[in-house]
Amino acid sequence: MITDNSYSVPELVNLLKAGDPNAFRQLYDQFASKILNTCKQMYLSHEDAEEVVQEVFLKVWEKRESLDCSLSFNAYLFTIMRFSIFKRSRKQALEIAYKTYQLNYGVRTDCCTEEELAFEDLKGFSEKIINSLPKGQQQIFKLKFTEHLTADEIACKLHLSKRTVENQLYKANKRLKQEFLSNDLVPSDLFFLFLIF
């Protein structure tokens, strides 16, 4: 068990992997504020941001035995954070979609059915846009956001340069953003929905 603050992040990760609670505390103290601030920059309320921090570190503790101290712990944390935020955004998007759908179409069914309809509309719209991308962009996009591969992993899998992968992702994101912003069903501040479905 560690008692001082002289350990590097990889050393702390290695100790955490072995179940050291003090290593966990030091990593929490070192990274929690960064995650909290990033969440706030992504327009989460302070309360939601704090919940995301707790979710991230709960996941780290649950998965501690599978940690790899040779990989970037910072990147690992922010990957978990991103998915936590997307999960919350998805819920908020469904609520907004439900209200928008009810307002625009005057459907008078129960709330559950409304949310299902709104979700299916958004999902179908997302899939249609993604499937309209050029084949190369479509393949790279799906590897990134469906299989959650990094740019390096996609480049290796498709025998492309990392720069080519990043360029194709940029073009796909730009196209999708334009499509979402121009569609009346999707509020302008929710253009990132294509990353969720």
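Given the structure is predicted, the values throughout are model-derived calculations rather than measurements.

## Overview of the packing of helix α2 (residues 21–41) against helix α3 (residues 46–62)
Where α2 contacts α3, the two axes come as close as 9 Å, and the packing angle between them is 145°. Remark: the crossing between α2 and α3 carries right-handed chirality. Between α2, through Pro 21, Phe 24, Leu 27, Tyr 28, Phe 31, Ala 32, Ile 35, Leu 36, Cys 39 and Lys 40, and α3, the contact on the second element is made entirely by His 46, Ala 49, Glu 50, Val 52, Val 53, Gln 54, Val 56, Phe 57, Val 60 and Trp 61. Looking at the contact of α2 with α3 residue by residue, the classes come out as 16 nonpolar, two polar and two charged.

## Points about α2
Over its 21 residues, α2 extends 30 Å from the first C-alpha to the last, a length consistent with the 30 Å expected when each residue adds 1.5 Å. For α2, the N-terminal cap is Asp 20; the gap from its side-chain oxygen to the backbone nitrogen of Asn 22 is 2.8 Å. Just downstream of α2 lies Tyr 43, where phi reads positive at about 70°.

## A word on the side chain of Gln 168
Structurally, Gln 168 is set in helix α8 (residues 162–181). Not counting residues within four places of it along the chain, the set of residues in contact with Gln 168 comprises Gln 137 and Ile 140.

## Here's the deal with the nonpolar core
If you look at the biggest cluster of nonpolar residues, it comprises 25 residues, and the most contacted ones within it are Ile 35, Cys 39, Val 56, Phe 57, Phe 73 and Leu 77. Those elements that provide at least two residues to this core are α1 (9–17), α2, α3 and α4 (73–105). Residue contributions to this core peak at nine residues, all from α2. Not counting the four nearest positions on each side in its chain, Val 56 is found in contact with Ile 35, Leu 77, Ile 80 and Met 81.

## Let's talk about the confidence of the model for the protein chain
With 71% of its residues at a pLDDT of 70 or more, the protein chain shows a mean pLDDT of 78. No element of the protein chain has a lower mean pLDDT than helix α5 (residues 111–131), at 64, and none a higher one than α1, at 93. Contacts of residues 103–112 to residues separated by more than four positions or lying in other chains number eight contacts, the stretch itself having pLDDT below 50. Low pLDDT (under 50) marks residues 187–197, which in the prediction has 31 contacts with non-local residues, meaning those over four places away or in another chain.

## What to know about the pattern of salt bridges
Here the structure, examined in full by the defined rule, presents three salt bridges. The partner of Arg 25 in a salt bridge is Asp 29, and the shortest N-O contact between them spans 3.4 Å. Within this pair, Arg 25 and its partner Asp 29 are both found in helix α2, separated by four residues, close to a single helical turn. Overall, Arg 25 belongs to the partly exposed group, its relative accessible area being 45%. A salt bridge links Asp 152 to Lys 162, with the nearest nitrogen and oxygen atoms 3.8 Å apart.

## Some remarks on α3
Each α-helix winds once per 3.6 residues, and so residues spaced three or four apart point in a common direction. Taking 1.5 Å per residue, 17 residues should reach 24 Å; α3 reaches 24 Å between its end C-alpha atoms and fits that length. Taken together, the buried positions of α3 are occupied by Asp 48, Ala 49, Val 52, Val 53, Val 56, Phe 57 and Val 60.

## Quick notes on the packing of α1 against α2
Contact geometry of α1 with α2 gives a least axis separation of 8 Å together with a crossing angle of 135°. On the basis of their axis angle, the class for α1 and α2 is oblique. Pair α1 / α2 crosses with left-handed handedness. Contacts between α1 and α2 pair Val 9, Leu 12, Val 13, Leu 15 and Leu 16 from the former with Ala 23, Phe 24, Gln 26, Leu 27, Gln 30 and Phe 31 from the latter.

About the thresholds
Residues numbered from 1 in each chain as written. Predicted model: local features only at pLDDT ≥ 70, side-chain atom pairs only at ≥ 80, totals over all residues. Heavy atoms only, no water. Axes fitted to C-alpha atoms, helices over the stretch in contact; angles between N-to-C directions. Helix = DSSP H or I, 4+ residues; strand = E, 2+ residues; numbered from the N terminus. Left-handed = near helix turned anticlockwise from the far one by under 90°. Contact = heavy atoms within 4.5 Å. Nonpolar A, V, L, I, M, F, W, Y, C, P; charged D, E, K, R; others polar. Expected span 1.5 Å × (residues − 1). Polar contact = N/O pair within 3.5 Å; in protein donor to acceptor, adjacent residues only side chain to side chain. Core = buried A, V, L, I, M, F, W, Y, C linked by side-chain atoms within 4.5 Å. Buried < 20%, exposed > 50% of the residue type's maximum accessible area, 1.4 Å probe, protein only. pLDDT = per-residue confidence, 0-100. Salt bridge = Lys/Arg side-chain N within 4 Å of Asp/Glu carboxyl O. Parallel < 35°, antiparallel > 145°, perpendicular 65-115°, else oblique.

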